[in-house]
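Residue-level listing of the chains:
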Amino acid sequence: MGFVKKFSSTKKAGIVWNMKEKNATPALRRVLVNCATQAKEYGSCVAAKVPVVERDMCLKEFLALKNCMQDMWINPFYGGLYCHILLYRLKGKEHWKMSGQASSSQLNVSLSGSGALSHVYIQYPPLHCSIPGSGGLYYDDGNKLLLSPMSNQVFSWKVVPFTPHNAPPSDPISEGPLLSIRYSLDEKYIAIQRSSMEIQIRCKETGETFSYSCRSELESILGFFWTDCPSCDIVIVKTSGLELFSCDSESKSLHLIETRRLNVSWYAYTHESRLVLLASGMQCTNFNGFQLSAAGIVRLPKFEMVMAKTEANSKPVLAAEDVYIVTIYGRIYCMQIDRVAMLLHSYRFYRDAVVQQGSFPIYSSKIAVSVVDNVLLIHQVDAKVVILYDVFSDSRAPISAPLPLLLRGLPWSNTSPSTSREGESSVANNVSDRDSIIYGEEWTFLVPDLICDVTNKLLWKIHLDLEAISASSSEVPSVIEFLQRRKSEANKVKQLCFAIVRSVILERRPVSMVAKAIHVLVSSYSYSIKTGCHLKGVKVEKPSPSDRAHASSPRSGTNISTGGVDELGKSMKHESSAGLGNDSLDRPLNFASSDSEDGDSTDLPKVVKEYSPSADGSFVDVRPFSAQSQQFGMGNNSLNASVSEQLESQVTSPAISPDEMYSFVFAPVEEEMVGDSSYLVTIIVEFLSSANVEKIKVDPNIYVLLIQLLARNERYAELTLFVVNKIIEPSKEVAMQLLESGCQNLQTRKLGMDMLRQLSLHHDYASQLVQDGYYLEALRYARKFKVISDKLFTVNKMDGVSWRHRHRQKLY
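Here goes a summary of the coordinates provided. Please read all numbers here as calculations on a predicted model, not as lab measurements.

## A word on unusual backbone geometry
- Following V160, the chain continues to P161 via a peptide bond in cis, the omega torsion being 0°.
- Structurally, the position occupied by P161 is in the loop between β5 (153–158) and β6 (170–172).
- At the junction of V447 and P448, the peptide bond is cis and its omega measures out at 10° in the coordinates.
- In this fold, P448 is placed in the loop between β27 (443–446) and β28 (450–453).
- Positioned with a positive phi, C284 is a non-glycine residue whose angle comes to about 60°.
- Tracing the backbone through its elements, the reader meets C284 in the loop between β16 (275–280) and β17 (286–293).
- For C284, a relative accessible area of 8% puts it in the buried group.

## Quick look at the pairing of strand β8 (residues 189–193)
- Buried residues dominate β8, accounting for five of its five residues.
- Both faces of β8 are covered, namely the face carrying Y189, A191 and Q193 and the face carrying I190 and I192.
- In this structure, strand β7 (residues 180–183) lies alongside β8, joined through four bridges in antiparallel fashion. Note that in β8 the partner of I181 across the bridge is I192.
- Relative to strand β9 (residues 198–203), β8 is paired through five bridges, and the arrangement is antiparallel. Bridging across to β9, I190 finds its partner in R202.
- Taking the residues that link successive antiparallel strands as the turn, the β8-β9 hairpin has four residues.

## Description of the packing of aromatic side chains
- Per the stated rule, a full pass over the model turns up 14 aromatic pairs.
- Summarising the aromatic geometry, the rings of F360 and Y389 are spaced 4.6 Å apart at their centres and angled 55° between planes, so their arrangement reads as tilted. Here F360 is found in strand β22 (residues 354–361), whereas its partner Y389 is found in strand β25 (residues 385–389), with 29 residues between them in sequence.
- With a centroid separation of 6.1 Å and 70° between ring planes, the pair formed by W443 and F445 is classed as edge-to-face.
- For F445, a relative accessible area of 6% corresponds to the buried category.
- Taken together, the ring pairs connect W266, F287, F303, Y347 and F349 into an aromatic cluster.

## Quick notes on the environment of F360
- The exposure class of F360 is buried, given its relative accessible area of 1%.
- Taking C-alpha positions, F360 is 6.4 Å from H345, a pair spaced 15 residues apart along the chain.
- Aside from chain neighbours lying at most four places away, what touches F360 is M335, M342, L343, L344, S346, L376, I378, Y389, V391 and R396.

## What to know about the sheet that holds β9
- With antiparallel pairing, the four strands of this open sheet are ordered in space as β7-β8-β9-β10. Whereas interior strands pair on both sides, the edge strands pair on one side only; in this sheet they are β7 and β10 (209–213). Geometrically, the sheet is characterised by an average inter-axis angle of 20° between neighbouring strands, direction not taken into account.

## Considering helix α16 (residues 732–741)
- Those residues of α16 that sit buried are V734, A735, Q737, L738, L739 and S741.
- For α16, the elements touching its buried residues are α14 (700–712), α15 (716–724), α17 (746–758) and α18 (762–771).

## Let's talk about the pattern of salt bridges
- Following the criterion strictly, the structure yields 18 salt bridges and no others.
- A salt bridge links E258 to R260, with the shortest nitrogen-to-oxygen separation between them at 2.5 Å.
- Classification of E258 by relative accessible area gives partly exposed; the value is 27%.
- Across the pair R339 and D322 runs a salt bridge whose closest N-O atoms are separated by 2.5 Å. Taken together, the residues R339 in the loop between β20 (331–338) and β21 (343–349) and D322 in the loop between β18 (296–304) and β19 (323–328) connect sequence positions 17 residues apart.
- Overall, the relative accessible area of 37% leaves R339 in the partly exposed class.

## Describing the packing of helix α8 (residues 490–506) against helix α9 (residues 511–531)
- In the contact formed by α8 and α9, the axes pass within 10 Å of each other and the chain directions differ by 160°. On the basis of their axis angle, the class for α8 and α9 is roughly antiparallel. Crossing of α8 over α9 shows left-handed handedness. Two secondary-structure elements touch here, α8 through C497, V501, V504 and I505 and α9 through M513, V514 and L521.
- Of the residues belonging to the contact of α8 with α9, the class tally is seven nonpolar, no polar and no charged.

## With respect to the nonpolar core
- If you look at the biggest cluster of nonpolar residues, it comprises 111 residues, and the most contacted ones within it are I505 and F666.
- Other than its neighbours up to four places away in sequence, F666 contacts I505, M661, L680, I683, I684, F687, I702 and L705.
- With 21 residues, the next largest nonpolar core counts W266, A268, V298 and A320 among its residues.

## Some details on the sheet that holds β16
- Taken together, the four strands give an open sheet; going across it, the order is β15-β16-β17-β18, and neighbouring strands pair in antiparallel fashion. Each edge of the sheet is formed by a strand with only one pairing partner; in this case those strands are β15 (266–270) and β18. The mean angle between the axes of side-by-side strands here comes to 15°, regardless of whether they run parallel or antiparallel.
- Direction of pairing for β16 relative to β17: antiparallel, over a ladder of six bridges.

## Quick look at the pairing of β9
- The buried count for β9 comes to five of six residues, which makes it a mostly enclosed element.
- The antiparallel pairing of β9 with β10 creates a hairpin that spans five residues between the two strands, and G207 there sits at a positive phi of about 80°.

## Examining the packing of α18 against helix α19 (residues 775–785)
- The contact between α18 and α19 brings their axes to 8 Å, and the two run at 165°. When the interaxial angle is binned, α18 and α19 end up roughly antiparallel. For the crossing formed where α18 meets α19, the hand is left-handed. Along the contact surface, α18 presents H762, Y765, A766, L769 and V770, while α19 presents Y775, E777, A778, Y781 and F785.
- In terms of residue class, the contact of α18 with α19 is made up of eight nonpolar, one polar and one charged.

## Digging into helix α7 (residues 476–484)
- For α7, a buried count of eight out of nine residues is recorded, marking the element as mostly surrounded by other parts of the structure.
- Taken residue by residue, α7 has V476, P477, V479, I480, E481, F482, L483 and Q484 as its buried positions.
- In the core, the buried residues of α7 are packed alongside β24 (375–380), α6 (466–471), α8 and α9.

Calculation criteria
- Residues numbered from 1 in each chain as written.
- Predicted model: local features only at pLDDT ≥ 70, side-chain atom pairs only at ≥ 80, totals over all residues.
- Heavy atoms only, no water.
- Helix = DSSP H or I, 4+ residues; strand = E, 2+ residues; numbered from the N terminus.
- Buried < 20%, exposed > 50% of the residue type's maximum accessible area, 1.4 Å probe, protein only.
- Pairing = 2+ DSSP bridges.
- Phe/Tyr/Trp six-rings, centres within 6.5 Å; stacked < 30°, edge-to-face > 60°.
- Contact = heavy atoms within 4.5 Å.
- Axes fitted to C-alpha atoms, helices over the stretch in contact; angles between N-to-C directions.
- Salt bridge = Lys/Arg side-chain N within 4 Å of Asp/Glu carboxyl O.
- Parallel < 35°, antiparallel > 145°, perpendicular 65-115°, else oblique.
- Left-handed = near helix turned anticlockwise from the far one by under 90°.
- Nonpolar A, V, L, I, M, F, W, Y, C, P; charged D, E, K, R; others polar.
- Core = buried A, V, L, I, M, F, W, Y, C linked by side-chain atoms within 4.5 Å.

This is the structure in structure tokens:
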């Protein structure tokens, strides 16, 4: 998405960055490989010493990294320019002493302060999940719960909405070994995997338990998950395939409904997608997929993932932790890490095909994937940076430069320069060192947007800094297009869009560029109107699942136990980092779901996506909407998401209406602009043109402002053409402004009078005739259209008889 504005002048020196340039990826890879040592040293210093000590302690490592990157012949966006941007933002507008000596006034500003540069951050405080005597942490994505079991009870934290200070409720469980634990979707049962051969189920109401055990010693249980599929309640994944059961509390048993026999090495499942992938084969690259939802079971075509070879006879094995199931813009993708090729392959699921959609470069041996507000985040854990991608964009280039993950909100980050060292120490003592760790060794990334610090038992939520992202690019139309696709912070998106458009108009940027930006806003608003998503100040909520003690947005569970890497790998990674949060579900066309939080399947504003309600209440894509689906001829065979809970977290749409454009863009700009107003006239005309294309009704105040600007410059001929050709739509406000502006031009005033008659505003027309002194004509017009007005009864004595009396005589 382009340059940071601060350094846009570098273009004059011949440095031009094109995000679609194909050689950017290998260049960045080469730089990070060659400068990996310096990058690791700098990242380790920052992670270890910030915010415990001042950020200048890492200046030496930073300068070493900067010099290394500048010595490489690479694209300036990722090389010297990136370093200068980082250098500038780390210190704000303060002066860096390049000798390594920092001024004393800078010492107390930590990297977690507002001056740090980052596009992704986690907010202090985290959710503290430490219970004395607990055996570990388990993530139940079916109910959005973080579970911490003890010997005879289990504590649970509701993680959506993310409220760090909530006290956890508890439920009793029986003693014994525990590999994984999950609540049923109605939260009536607690299922506990005791071993690789046994699952125990406890009824919460009665406290009774019953078990399921493998019949053969040749098979073992890999995991299980609860489902909202009408034909079954729970699915058990074994090395021999899938077994679907219904849960019967009366008979205290599980009834086998169906068996799918397959060889399974490991599996991945997320409840937001309702998709389970079963890996098999010598390299674990052969996959069978099943989607289980309220509409039934769909078996996906068998497919194979790509794996590069290190040597001729070497065949690397795909691990469970290298596969992530994510949902972006309502579409289901599978992200696969290829460590040999250093690529992150993406696969999109359709009802009748699985299609590889491309690859993203990776630059670290340890990779994690998150999705925040439909933005793909690839964490380069070893390098301690995160790269953002928008898969909706035509370009595969990242949204912005790779930057560290930022920790915000620590108490000492707001310490003033006058605070004593003793005061800083007392504040620091209130916050444990574990709360300030970034990219810890035991961090587990839970799709879509959570991070669990297994060692310290903390849960963080990932956020996008939309303001920083928008400020880091000079490509205004692309920035606005990106912002309009964001749903989680609609009000902030609006304010950013207002500020950006006002800024480019006041700076008198090229009209073509401003017109593209405005067209993006108009198209976005048109899309929101067509899909019924444009709500103002209305929050629609479904029946709260809090009546059942927890939020009930069903998901599978994930073991994130503190037991170590082995235990983590056996349970959590078999679940493919199942996540929570933006439940935008990608489903077969006849699938319905009820647990989507942000699932609007949004493809805006470049391509307007049309929806129609299906028989089961879900929303069905009624035409192909992506270039990729058209390319493969899939059309609306893609697995599409339900949008039934899109409004749950959406107070207002980020789309900007014409009246908001007037109130927050055109009117403020008109007050601030000085000199010739012809530029603003041109911009308003471009807005009217876009609104006409999208068939959007324009706020009359915009027409009034246009008339004022034209009359101010005495451009009456153009004003006449605008009115005659209906570029300026007729309205009472417009007519009155024409009359007011026509004080210096009779033709303009006549246009206003004609518009009043055209709109059948008889009262106003007759009043204007009286005001202009055409009393007899006003009287005839009033008698013809039966208009009674105080102005017509104003006392005007003529030949000794009041005008009121004469008027009444002629009327009656």
